[in-house]
Amino acid sequence: MNDRESSKSATELFSTLHERAKELSCLYKVEEILSNFNLSLEEVFRRVIKVIPPGWQFPELCQARITYGSEVYATPDFEETPHFQCADIRVHDTVLGRILVSYRKPTPEADSGPFLKGEVKLIQTIGERLGHFILHQRLRQMFEEMSEERRDVTEAKESWRIALDLLRNTDQNLFLRISR
């Protein structure tokens with residue numbers, strides 16, 4: 001191997017490592033957003049859309065869109081192009097939405113069309129993580145509703161207990177008739 005081949009190999013390795021670092025940074029930012037359970041889904045989607053383009057090979061050409069039900073969240077000036085990849089957002093095997101990443105212009109061919117293998121895995125992972133976040137939000141909401149209902153039942157029982165104690169202490173005959 002001569003110096004020219006060695007230099008080319010080192011450049012390719014550096015480029016590959018640089019792309020993996022961008023993908024990893026994007027994933028870390030997505031995880032940071034999803035770790036804040038106080039954010040609304042709308043705010044989560046808006047923030048995730050912003051951190052996606054820097055994680056792809058050509059960030060200046062990259063755009064992203066998340067569709068959730070009838071809602072659509074996209075990078076500014078998003079336009080449909082034939083250069084895209086997408087992943088479903090699923091909860092319990094039900095597709096609730098889709099995340100799409102595309103390039104505004106043609107780019108050199110890579111592992112999967114214009115996208116690198118790492119980018120294909122990255123979009124799938126972001127879709128999975130969004131599905132987990134949505135599931136967590138739904139479970140949290142159900143838990144809060146159940147806790148509220150439990151409090152209401154406890155308060156209602158306490159109200160009856162107070163009324164029955166008052167009746168027992170004031171009118172024993174009426175209390176016995178009601179008790180039967």
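Residues numbered from 1 in each chain as written. Predicted model: local features only at pLDDT ≥ 70, side-chain atom pairs only at ≥ 80, totals over all residues. Heavy atoms only, no water.

A. Expanded view of the overall build of the protein. When helices and strands are counted, the protein shows four helices and four strands. Reading the protein from its N end, one meets helices and strands in the order α-α-β-β-β-β-α-α. Here the C-alpha atoms of the protein give a radius of gyration of 28 Å, more than 25% beyond the 16 Å that 2.2 N^0.38 yields for 180 residues. Its C-alpha atoms give the protein principal-axis dimensions of about 105 × 35 × 25 Å. Out of the 180 residues belonging to the protein, those deemed buried represent 33%. A separation threshold of at least 6 residues defines the contact pool for the protein, and within that pool the share at least 24 residues apart is 61%. Summed over its atoms, the accessible surface of the protein is roughly 12,100 Å², and 54% of this surface lies on carbon and sulfur atoms. In the protein, the 25 positive side-chain charges and the 29 negative ones have mean positions that sit 4 Å from each other. (Helix = DSSP H or I, 4+ residues; strand = E, 2+ residues; numbered from the N terminus. Rg over C-alpha atoms; globule rule 2.2 N^0.38 Å. Buried < 20%, exposed > 50% of the residue type's maximum accessible area, 1.4 Å probe, protein only. Contact = heavy atoms within 4.5 Å. Areas by Shrake-Rupley, 256 points an atom, 1.4 Å probe, with all protein chains shown as cover. Lys, Arg positive; Asp, Glu negative; His and termini not counted. Charge placed at Lys NZ, Arg CZ, Asp CG, Glu CD.)

B. Structural detail: the nonpolar core. If you look at the biggest cluster of nonpolar residues, it comprises 33 residues, and the most contacted ones within it are Val48, Trp56, Ile126 and Leu130. Contributing elements (two or more residues each) for this core: α1 (3–34), α2 (41–51), β1 (62–68), β3 (84–91), β4 (94–103) and α3 (117–170). Top contributing element to this core by residue count: α3, with six residues. (Core = buried A, V, L, I, M, F, W, Y, C linked by side-chain atoms within 4.5 Å.)

C. Seen up close, the sheet that holds β3. Strand order across the open sheet formed by four strands is β2-β1-β4-β3, with antiparallel pairing between neighbours. The open sheet has two edge strands, β2 (71–74) and β3, and neither has a second partner. The average angle at which neighbouring strand axes cross in this sheet is 15°, direction not considered. Here β1 pairs with β4 via seven bridges, running antiparallel. Among the inter-strand pairings, cysteine 62 is bridged to a residue of β4, identified as tyrosine 103. Where α2 meets the sheet, it contacts β1 and β2, and its direction lies at approximately 160° from that of β1. (Pairing = 2+ DSSP bridges. Axes fitted to C-alpha atoms, helices over the stretch in contact; angles between N-to-C directions.)

D. Highlighting the packing of aromatic side chains. Under the criterion given, the structure shown has five aromatic pairs. Each ring, one from phenylalanine 45 and one from tyrosine 68, has its centre 5.3 Å from the other, and the planes form 50°; the classification is tilted. In this pair, phenylalanine 45 sits in helix α2 while tyrosine 68 sits in strand β1, placing the two residues 23 residues apart along the sequence. Judged by relative accessible area, which is 17%, tyrosine 68 ranks as buried. An aromatic cluster of three or more residues is present, and its members are Phe45, Tyr68 and Tyr73. (Phe/Tyr/Trp six-rings, centres within 6.5 Å; stacked < 30°, edge-to-face > 60°.)

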